[in-house]
Amino acid sequence: GLALPLLAALTPEEWQVEICLETIEDVPFDTDADIIALSGMGHSIIRSIDLVKEFRARGKTVVMGGYMVSLMPEEAGKYCDAVVIGDAEPVWAKLLKDYQQDRLRPRYQQDLKEFDPPLPRYELLLDKNIGDFLPVQAGRGCPRSCSFCSVHCLYRNRYYQRPVDAVMRDIRFVRDLGFRKFLLLDDNILAGPAYLFRLCEEIKPLKMIWYSQCSIDIARHPELLRAVAESGCRVLSFGLESISSESLAALEKSWADPEQYPVMIRTVQEAGIDVSTEMVVGADGDTEESIARTADFIRDNKIVVPRFYILTPIPGTDFYAQMLEQGRICNHDLHSYNGTEAVHVPRNMRPEELTAAYWQLYDKVFSLGSILRRTLLR
């Protein structure tokens, strides 16, 4: 994750900063820090609340931010001293100054006017078991309008791209730290084809390996796809969401054509790039049969890293508002919104049938035979 090194870079020099990544290290509850800032994605918000309670019990001032907090600021505000909604760049220094002057406000929110953040403090990660790559951000937000997507519901079609020179500054810094790989963060970098082409031209001479995500439509741009591959890209992640056109239309993603997915995936693979996918099950076009066929789709298209979840109406998203208006939310306990249990009533099955179909899909996709057929036996 890039959020914490970036927050550290936004922090005035008179402050000392320490970073903890709980996925790979223990939380230092006995820290002497004055402020604890927590960020997380998705269902990890539940763990964040546990941490907030513990730190506040120890007398610490606690600030929360991130996508889930930004979509549910009222709920998050019940537990912490202050909430940062949306981007931290415009408000972080103000929040720290307010703390110093004993006038911390419960909420901080301000839209970006430009997107040109400072160099993240990567050095704060180097003593941790982070692996062999570091993240670099190119863009933030997305021009698409998928109803279930937290990115759309937070940015509302605003999409920011950093200057290419600024992105390359960070990539070169990562290389100079000794890393030969990086993760390029951007929710839809294909939204600017000319930008991506120029970025690839700048990356290629560095002879680094990189990974990213974008629209599967990159398969329709052969010259750009070739440039991406030749610049060192080895894995791309695509939000395919569903193999059902009806489900895609229900999710405001009717511009995607699942009948074209196999050809487009094969085009990307033939360029030398492995494919990762993200999908959801339980949209209005899904049936138990279509969910079962998703396992065949993943196997037949040799998808190396498939990820899928039960479609979940996250508060703050358009999909949540739609389900709430239609009376189709059957579980209002937000602590159980983890993507592996149906909490809404799908059109073509009962919630418990959706949950069962999801786990049957999971067991089939991650069986040893399926894994071998789409990885080693390609």
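In what follows, the structure referred to is the one given above.
Let me begin by describing the structure that accompanies this report. Everything numeric here is computed off the predicted structure, so don't read it as measured data.

Now for the sheet that holds strand β4 (residues 107–109). The strand order across the open sheet formed by four strands is β1-β2-β3-β4, and the pairing between neighbours is parallel. The open sheet has two free edges, formed respectively by β1 (35–39) and β4, since each of these has just one partner strand. With strand direction ignored, the average angle separating the axes of adjacent strands in the sheet is 20°. Helix-sheet contacts for helix α2 (residues 44–57) involve β1 and β2 (61–65), and the interaxial angle to β2 is about 165°.

Sheet architecture is open: six strands sit in the order β5-β8-β9-β10-β11-β12, paired in parallel fashion. At either margin of the open sheet sits one strand with a lone partner, and together these are β5 (133–137) and β12 (305–310). Across the sheet, the mean angle from the axis of one strand to that of its neighbour is 20°, orientation sign disregarded. Relative to strand β8 (residues 181–185), β5 is paired through five bridges, and the arrangement is parallel. The residue of β8 that forms the bridge with Phe133 is Lys181. On top of the sheet, helix α12 (residues 288–300) reaches β10 (233–241), β11 (274–281) and β12; it is set at about 180° to β11, its chief contact.

This brings us to the pattern of salt bridges. By the definition in use, this model includes 32 salt bridges. Among the ionic pairs, Glu353 bridges to Arg350, the shortest N-O distance being 3.1 Å. Taking the relative accessible area as the measure of exposure, Arg350 reaches 46% and is therefore partly exposed.

Before going further, it helps to spend a moment on the environment of Val69. Note that Val69 resides in helix α3 (residues 67–71). Residue Val69 is classed as buried on the basis of its relative accessible area of 2%. Note: C-alpha distance between Val69 and Leu38 (31 residues apart in sequence) is 10.0 Å. Apart from the residues lying within four places of it in its own chain, the contact partners of Val69 are Ile45, Met64, Ala76, Val83 and Val84.

Bringing the nonpolar core into the picture now. One finds Ile171, Leu199, Ile218, Val228, Phe238 and Val268 to be the most contacted residues of the largest nonpolar core, which totals 65 residues. Aside from chain neighbours lying at most four places away, what touches Ile218 is Leu190, Leu196, Leu225, Val228, Leu236, Phe238 and Val268.

The subject of this paragraph is the packing of aromatic side chains. Considering all chains together, one arrives at 14 aromatic pairs under this definition. Considering the side-chain rings of Phe308 and Tyr358, the 5.9 Å spacing of their centres and the 70° angle between planes classify their relative orientation as edge-to-face. Placement of Phe308 in strand β12 and of Tyr358 in helix α14 (residues 351–365) is noted, with a sequence separation of 50 residues between them. This pair shows no difference in class: Phe308 is buried, exactly as Tyr358 is.

Next up on the list: a negative patch on the surface. Together, Glu18, Asp30, Asp32 and Asp34 line one region of the surface with negative charge. Within the secondary structure, Glu18 is located in the loop between α1 (3–10) and β1. Assessed through its relative accessible area of 67%, Glu18 is described here as exposed.

Considered for burial, the residues of helix α9 (residues 222–230) that qualify are Leu224, Leu225, Ala227, Val228 and Ala229. Contact partners of the buried residues in α9: α8 (193–203), β9 (209–213), β10 and α11 (261–270). Among the residues trailing α9, Gly232 stands out with phi positive, at a value near 115°.

This part is about the state of the cysteines. By the definition in use, this model includes zero disulfides. Free cysteine Cys20: the closest other cysteine sulfur is in Cys80, separated by 18 Å. Cys20 sits in the partly exposed class, given a relative accessible area of 25%.

Here is what the cut-offs are and how they apply
Residues numbered from 1 in each chain as written. Predicted model: local features only at pLDDT ≥ 70, side-chain atom pairs only at ≥ 80, totals over all residues. Heavy atoms only, no water. Pairing = 2+ DSSP bridges. Helix = DSSP H or I, 4+ residues; strand = E, 2+ residues; numbered from the N terminus. Axes fitted to C-alpha atoms, helices over the stretch in contact; angles between N-to-C directions. Contact = heavy atoms within 4.5 Å. Salt bridge = Lys/Arg side-chain N within 4 Å of Asp/Glu carboxyl O. Buried < 20%, exposed > 50% of the residue type's maximum accessible area, 1.4 Å probe, protein only. Core = buried A, V, L, I, M, F, W, Y, C linked by side-chain atoms within 4.5 Å. Phe/Tyr/Trp six-rings, centres within 6.5 Å; stacked < 30°, edge-to-face > 60°. Patch = residues over 30% accessible without salt bridge, like charges linked within 9 Å, V, L, I, M, F, W, Y side chains within 5 Å. Areas by Shrake-Rupley, 256 points an atom, 1.4 Å probe, with all protein chains shown as cover. Lys, Arg positive; Asp, Glu negative; His and termini not counted. Charge placed at Lys NZ, Arg CZ, Asp CG, Glu CD. Disulfide = S-S within 2.5 Å.

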